[in-house]
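# Breakdown of the fold
Listed below are the residues making up each chain.
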Amino acid sequence: MPKPILAIVGRPNVGKSTIFNRIVGERIAIVEDKPGVTRDRIYSSGEWLNKEFNIIDTGGIEINEEPLMVQMRYQAELAIEEADVICFVVNGREGVTAADEEVAQLLFRSKKPIVLGVNKMDDPSMHEKLYEFYSLGIGDPYPISGSHGIGLGDLLDKVVESFPVEQEELYDDDTIKFSLIGRPNVGKSSLVNAILGEERVIVSDIPGTTRDAIDTPFTKDGQDYVVIDTAGMRKKGKVYESTEKYSVLRALRAIERSDVVLMVINAEEGMIEQDKKIAGYAHEAGRAVIIVVNKWDVIEKDDKTMQKFEQKLREEFLYLSYAPIVFLSAKTKRRMQHLLPVINTVSENHTMRVQTHVLNDVIVDAVAMNPTPTDHGGKRLRISYATQVSVAPPTFVLFVNDPELLHFSYKRYLENKIRDTFDFTGTPIHIIARKKSE
Ligand code: GDP
Ligand code: GDP
């Protein structure tokens, strides 16, 4: 089920990224470059009243050197096109400005639900300033303070209430949805064509187009797939489309709709930071991941080349140690035949359920071999029982005496033990500690 999208729009310095960071909280770790630097993240997820949604800070999509009004128009256009609900943020201390009025007009015409946040209302004595914002004609102004975290609850109530009731899922559960992500020119489009051009692939006539990508459904050997191609889509005339951050945003959205993510890299170039960032997002989102090393034809090889290449990738991608690596060439089609079988396998692992008693045997053996940690006071972690609570990604709950005692390193140890017993190649697994009720 795709999550609904909230976009934040407003003039510079009204507090958009402060509000964004408040709503997002601590959720994203790996994707972030440096904590505390605003505008590093323009896309993340939030949750309110058990409703999960995605959030875009349109102020983060900079278009160089354009005058304020032009920038504002791009932001509004982006929000109107991408979002289900728009949060329009204004500065309550400055009152209504001409730019606010113009943006309000644009947003209003779109007929999308708009929630008006009047920011910098740090204390209630300022609320009399609110009334002038009714003149924008977009409904009740919500007084908020991004920096103090005041009023956001009421604002989010309204946001969540305005989301569309049900988002339609286009494909049935047995269909494997996969996307290709990676920088321009690594060969994503060529790979899509090579996959679709393989023998016995039956491509459906009508590809579906979403906001971000072209979906092509196809069938091979009785298995249904959808390939989500972000690269093949080049909309014209939208300035923000050409910005790098927007293409990252689009990749992130494709990841979210996928079961399996193919992280495509060019064999000649290897990994760069941007790749790591996007792969980190796939990992965080709990998607199955395959690393595809394309253009393998241009590499001069001896019998150790692949091994060395793999070793280097593994060092760079520590948290993706579970991801299989496929070396191939979309151009010569060498080794292309390996790709769909690997997709099938990781997809199966991604949705695998293990038997509870086998899981508990694994945990008991693991604890016997390497005792559970203790805290400074000597209190020892006790694991009473383990069970798998969900799939995609496989998620395990350990019922314990005190969840705080399950440290990262011991969790990692248990994860490795679980992986030694069950084949979870290609999929992250989550382990959660819960306090055992007496
Ligand atoms: P953006 O450009 O719209 O993303 O604005 P920022 O989030 O970067 O905030 C601009 C400035 O306003 C920063 O100095 C913030 O600390 C400040 N700010 C944000 N929210 C509030 C608020 O609720 N009250 C006050 N007093 N200052 C705020
Ligand atoms: P995208 O931007 O990631 O979709 O990349 P394209 O599929 O458009 O490919 C970029 C360029 O790389 C094109 O000139 C392709 O012909 C070339 N290319 C794609 N795959 C391969 C490959 O496996 N080997 C070689 N040598 N070139 C390739």
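Thresholds, definitions, all that
- Residues numbered from 1 in each chain as written.
- Chains lettered and ligands numbered in written order.
- Predicted model: local features only at pLDDT ≥ 70, side-chain atom pairs only at ≥ 80, totals over all residues.
- Heavy atoms only, no water.
- Helix = DSSP H or I, 4+ residues; strand = E, 2+ residues; numbered from the N terminus.
- Buried < 20%, exposed > 50% of the residue type's maximum accessible area, 1.4 Å probe, protein only.
- Contact = heavy atoms within 4.5 Å.
- Areas by Shrake-Rupley, 256 points an atom, 1.4 Å probe, with all protein chains shown as cover.
- Near = heavy atom within 4 Å.
- Polar contact = N/O pair within 3.5 Å; in protein donor to acceptor, adjacent residues only side chain to side chain.
- Nonpolar A, V, L, I, M, F, W, Y, C, P; charged D, E, K, R; others polar.
- Phe/Tyr/Trp six-rings, centres within 6.5 Å; stacked < 30°, edge-to-face > 60°.
- Pairing = 2+ DSSP bridges.
- Axes fitted to C-alpha atoms, helices over the stretch in contact; angles between N-to-C directions.
- Core = buried A, V, L, I, M, F, W, Y, C linked by side-chain atoms within 4.5 Å.
- Domains from an automatic or database assignment.

## Some points on the overall build of the protein chain
Across its full length, the protein chain carries 11 helices and 17 strands. Here the protein chain, with 438 residues, has 50% of them falling under the buried criterion. In the protein chain, 70% of the contacts between residues at least 6 apart in sequence involve partners at least 24 apart. For the protein chain, the exposed surface amounts to about 21300 Å²; the carbon and sulfur share of it is 49%.

## So, the site of ligand 2
Surrounding ligand 2, one finds 16 residues, the nearest of these being Asn185, Lys188, Ser189, Ser190 and Asp297. A distance of 2.9 Å separates an oxygen atom of ligand 2 from a polar side-chain atom of Lys295. Between ligand 2 and Ser329 there is a distance of 3.0 Å, counted from an oxygen atom to a side-chain nitrogen or oxygen. In terms of residue count, helix H5 (residues 188-196) provides more of the shell around ligand 2 than any other element does, three residues in total. For the shell around ligand 2, the residue count by class is five nonpolar, six polar and five charged.

## Describing the packing of aromatic side chains
Geometrically, a pair of aromatic rings is defined through the distance of the ring centres and the angle of the planes. On inspection of all chains with the given rule, the structure shows 14 aromatic pairs. Between Tyr131 and Tyr134 the ring centres are 6.4 Å apart and the planes differ by 15°, which places this aromatic pair in the stacked class. For Tyr131, a relative accessible area of 57% translates into the label exposed. Classification of Tyr134 as partly exposed rests on a relative accessible area of 41%. Centroid distance Tyr410 to Tyr413: 5.3 Å. Interplanar angle 45°. Geometry classified as tilted.

## Quick look at the sheet that holds strand E17 (residues 430-435)
Within a sheet, each strand pairs with its neighbour through backbone hydrogen bonds, oriented either parallel or antiparallel. Strand order in this open sheet of three strands is E15-E16-E17, and the pairing throughout is mixed. On the outer flanks of this sheet lie strand E15 (383-390) and E17, each paired with one strand and no other. Going from strand to strand, the sheet's axes swing by 25° on average, the running direction of each strand aside. When E15 meets strand E16 (residues 395-400), the two strands line up antiparallel, connected through six bridges. For Gln388, the partnering residue across the bridge sits in E16 and is Phe396. This element, helix H10 (residues 356-369), spans E15 and E16 of the sheet and lies at about 135° to E15. Docked against the sheet, helix H11 (residues 408-421) engages E15, E16 and E17, running at close to 120° with respect to E17.

## With respect to the nonpolar core
Core analysis: the biggest nonpolar cluster contains 57 residues, and Phe88, Val293 and Leu313 have the highest contact counts within it. Here this core gets six residues from one element, more than from any other, and that element is helix H6 (residues 244-257). Residue-level mapping places this core at the junction of two domains, with at least three residues from each of domain 1 (5-162) and domain 2 (176-350). Apart from residues lying up to four places away in sequence, Val293 is in contact with Ile265, Ala267, Phe309, Leu313, Ile325, Val326, Phe327 and Leu328.

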